[in-house]
Amino acid sequence: MPEAFDAVFVGSSFASSFFLARWLELAPSSARALVIEAGPRRPHAWRLAHRKEVLGWREDHGLYVNETPDKPWITHVELGGNSNCWWACTPRLAPEDFALRTRYGQGTDWPLTYDELEPFYVRAETMMGVSGADDHPVCPRSAPFPLPPHRLSAPDEALARAFPGLFTPQPCARPSVATSKRPRCCASGVCELCPIDSKFTVQNELAHLFEDPRVTLWTEARCEGIDVQNDVARGVRVRRGGREETVRAELVALGANAIFNPWILLRSGLEHPELGVGLHEQVGVDVIVDLNGMDAFGGSTSITGHLYSLYLGERRRDRAGALIEVWNVPMLRLEAGKYRQRVKLKAVIEDTRGGSRVDVDPNDPSRPRVRHAGPSEWTRRAIARLEDDLQPVLDALPVERVRIGEPLPTEAHAIGSTPMGNDPASSVIDRNLVHHRVRNLVVLGSGAFPCATPANPTLTLAALSLRAAEAMLA
Ligand SMILES: Cc1cc2nc3c(=O)[nH]c(=O)nc-3n(C[C@H](O)[C@H](O)[C@H](O)COP(=O)(O)OP(=O)(O)OC[C@H]3O[C@@H](n4cnc5c(N)ncnc54)[C@H](O)[C@@H]3O)c2cc1C
Ligand code: SF4
């Protein structure tokens, strides 16, 4: 007889773990959950000892077939997934992001509002220990940030003075003060592998989930499909130890990310015209500013500021909005007396679903195949106009020289391949992340986002997971 569980969770990173955390709070003591994680458990000490190898995982290392290799998508297949390597920037979406189509005729509206998600943002921020300033100019809050904001740098302070109501210290899960489990962030600026385990990861804050007596964790076990009969998920097919087995479950929660979730759904006979279509993300552009007489690098974490002057409002009708990040990593200027007189700004430009696709590789069905069609015209217009649009921002700084880089290959934010919506014809899952047809299947993660607005996605996908768990158990 196959093993049977109340719920099976695929993946062990943000999407699954935040759902699991709320599920465990609401489920009875007799409940049984199985977490299936394709990769191994690699503790932080192991990661530090294998630093070179770990940082080499920026490539796809054979996990999927990339037909457009200039466009990589970084995915760490291991316990905790990309929480191990993320930079822990945790802005919320802006309220107007949820109604982009209605307000500006671009992208797709979300099937829920900022106000509906707000209480779950608060909970996700609490679980991650987010540092931030309570008077956030754009995202209204019903509760203070768990931790105070980080110290700003001199360029941040200049921008805050020039753009009152549009600047804030970056909210982040890099703690501004020590927490019970993590030391204070010390601004070393190498967050992909934090040397002191300061940023939030699933392994450092949520390890207790996998110790819960109701939870069984299988690592190096890969979900290869869902067993669906008469529009009901009966369980999942798992490959581990070289053989395939079936596990029975009342609820299946997919948290394998926007590349692997559609691949699993497609291998389960759940084809849909919008499934796997429209994989996209934001486009980052670095702007290096040499400063005249102003020292940068005085803040207390790696990215200190958020400027919203190119993000909001009617300009989004014509071209995509951008969030400006102010970086605080050591980028020394090799000129006597000017070592710290350089700052990196990064424009993170939004995009919408286009002609990109994830499907099952016909030559090797054990892997997803990914093709990226490039950014939309709307996003390209924003990139083309960036130099002009940035002028007021640069005017706020004592600029000696500016270099605007080429669009970066990836922001590592895979979005939009399992979109949510109210209409089952144009979306794969509903506003509670439940599959429109298979009502005991939830599809978690940023694949659910109808579009990639400028804010980083992970806090939002974590909040959506908390909300989905509550809706499912209600
Ligand atoms: C270098 C880097 C920096 C980043 N910085 C930020 C940031 O500052 N802010 C931000 O918001 N976002 C950031 N991101 C993005 C962020 O990491 C992702 O949004 C987030 O990790 C997505 O969470 P997830 O749980 O959906 O998926 P993932 O973290 O990708 O986890 C998916 C999990 O599923 C597992 N899995 C995959 N396939 C299977 C299968 N078939 N069976 C079983 N398990 C499977 C994987 O091993 C993994 O554990 C960054 C990403 C990278 C790479
Ligand atoms: S800035 Fe340094 S201490 Fe802070 S999270 Fe990043 S790597 Fe860790």
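Above this text sits the structure in question.
Overview of the structure. For clarity, every value in this text was computed on a predicted model and none was experimentally measured.

## Some points on the layout of surface pockets
For step 1, the next point in the chain: Roughly 180 Å³ of internal volume is contained in the second largest pocket.
For step 2, the next point in the chain: As for the second largest pocket, its lining consists of 13 residues, and the residues nearest its centre are Lys71, Val283, Pro375, Pro407 and Leu408.
For step 3, the next point in the chain: When the residues that make up the lining of the second largest pocket are grouped by side-chain class, the tally is six nonpolar, three polar and four charged.

## Details of the site of ligand 1
For step 1, the next point in the chain: Close to ligand 1 lie 36 residues, the nearest being Ser13, Ala15, Glu37, Cys89 and Thr458.
For step 2, the next point in the chain: Separating an oxygen atom of ligand 1 from a backbone N or O atom of Ala88 is a distance of 3.1 Å.
For step 3, the next point in the chain: Asn456 is positioned with one of its side-chain polar atoms (N or O) 3.5 Å from a nitrogen atom of ligand 1.
For step 4, the next point in the chain: Here ligand 1 loses 97% of its free accessible area of 1,000 Å² to cover by the protein chains.
For step 5, the next point in the chain: Listing elements by their share of the shell around ligand 1, those giving two or more residues are helix H1 (14–26), strand S6 (221–229), helix H9 (257–266) and helix H13 (458–473).
For step 6, the next point in the chain: Each residue belonging to the shell around ligand 1 can be placed in one class, and the counts come to 20 nonpolar, eleven polar and five charged.

## Side note on the nonpolar core
Buried together is how nonpolar side chains tend to be arranged in soluble globular proteins.
For step 1, the next point in the chain: Leu20, Trp23, Met128 and Leu345 are the most contacted members of the largest nonpolar core, which has 122 residues in total.
For step 2, the next point in the chain: Each residue touching Trp23, except ones within four places of it in the same chain, is listed here: Asp6, Ala7, Phe9, Ala31, Arg32, Ala33, Leu251, Ala469 and Leu473.
For step 3, the next point in the chain: The next biggest cluster of nonpolar side chains, apart from the first, holds eight residues, and it includes Ala258, Ile259, Val358 and Ala414.

## Some points on the sheet that holds strand S4 (residues 167–169)
For step 1, the next point in the chain: Here six strands make up an open sheet; going across it, the order is S4-S10-S11-S12-S9-S16 and the pairing antiparallel. Across the chains shown, the open sheet's two edge strands, defined by having one partner strand only, are S4 and strand S16 (399–407). If you compare each strand with its neighbour and ignore which way they point, the axes differ by 25 degrees on average.
For step 2, the next point in the chain: Across three bridges, the pairing between S4 and strand S10 (residues 303–307) is antiparallel. Within the sheet, the bridge partner assigned to Pro169 lies in S10 and is Gly305.

## A word on the packing of helix H5 (residues 114–128) against H13
For step 1, the next point in the chain: Contact geometry for H5 and H13: axes closest at 8 Å, N-to-C directions at 110 degrees. By the angle class used here, H5 and H13 are roughly perpendicular. With respect to the hand of their crossing, H5 and H13 are arranged in right-handed fashion. Side by side, H5 and H13 meet where Glu116, Leu117, Phe120, Tyr121, Arg123, Ala124, Glu125, Met127 and Met128 of the first sit next to Thr458, Leu459, Thr460, Ala462, Ala463, Leu464, Leu466, Arg467 and Glu470 of the second.
For step 2, the next point in the chain: In terms of residue class, the contact of H5 with H13 is made up of eleven nonpolar, two polar and five charged.

## Some words on the packing of aromatic side chains
For step 1, the next point in the chain: One pass over the full model with this rule turns up 13 aromatic pairs.
For step 2, the next point in the chain: When the centroid spacing of 6.0 Å and the interplanar angle of 50 degrees are considered together, the rings of Phe18 and Phe200 count as tilted. In this pair, Phe18 is assigned in helix H1 and Phe200 in the loop between S4 and helix H7 (202–205), connecting sequence segments 182 residues apart. Like Phe200, Phe18 is buried.
For step 3, the next point in the chain: Site record: aromatic cluster; members linked through ring pairs are Phe98, Trp110, Tyr114, Tyr121 and Phe449.
For step 4, the next point in the chain: The positively charged end of Arg240 is found above the aromatic ring belonging to Trp218, 3.5 Å away from the centroid.
For step 5, the next point in the chain: The cationic tip of Lys344 hangs over the ring face of Trp327; the distance from NZ or CZ to the ring centre is 3.7 Å.

About the criteria used
- Residues numbered from 1 in each chain as written.
- Chains lettered and ligands numbered in written order.
- Predicted model: local features only at pLDDT ≥ 70, side-chain atom pairs only at ≥ 80, totals over all residues.
- Heavy atoms only, no water.
- 1 Å grid on protein atoms, 1.4 Å probe; cavity = no way out; pocket = protein on both sides within 12 Å on 5 of 7 lines; lining within 4 Å.
- Points joined across faces, edges and corners; volume = space filled by probe spheres on them.
- Nonpolar A, V, L, I, M, F, W, Y, C, P; charged D, E, K, R; others polar.
- Near = heavy atom within 4 Å.
- Polar contact = N/O pair within 3.5 Å; in protein donor to acceptor, adjacent residues only side chain to side chain.
- Areas by Shrake-Rupley, 256 points an atom, 1.4 Å probe, with all protein chains shown as cover.
- Helix = DSSP H or I, 4+ residues; strand = E, 2+ residues; numbered from the N terminus.
- Core = buried A, V, L, I, M, F, W, Y, C linked by side-chain atoms within 4.5 Å.
- Buried < 20%, exposed > 50% of the residue type's maximum accessible area, 1.4 Å probe, protein only.
- Contact = heavy atoms within 4.5 Å.
- Pairing = 2+ DSSP bridges.
- Axes fitted to C-alpha atoms, helices over the stretch in contact; angles between N-to-C directions.
- Parallel < 35°, antiparallel > 145°, perpendicular 65-115°, else oblique.
- Left-handed = near helix turned anticlockwise from the far one by under 90°.
- Phe/Tyr/Trp six-rings, centres within 6.5 Å; stacked < 30°, edge-to-face > 60°.
- Lys NZ or Arg CZ within 6 Å of the ring centre and 35° of its normal.

Note that all results are geometric; they support no functional claim without further evidence.
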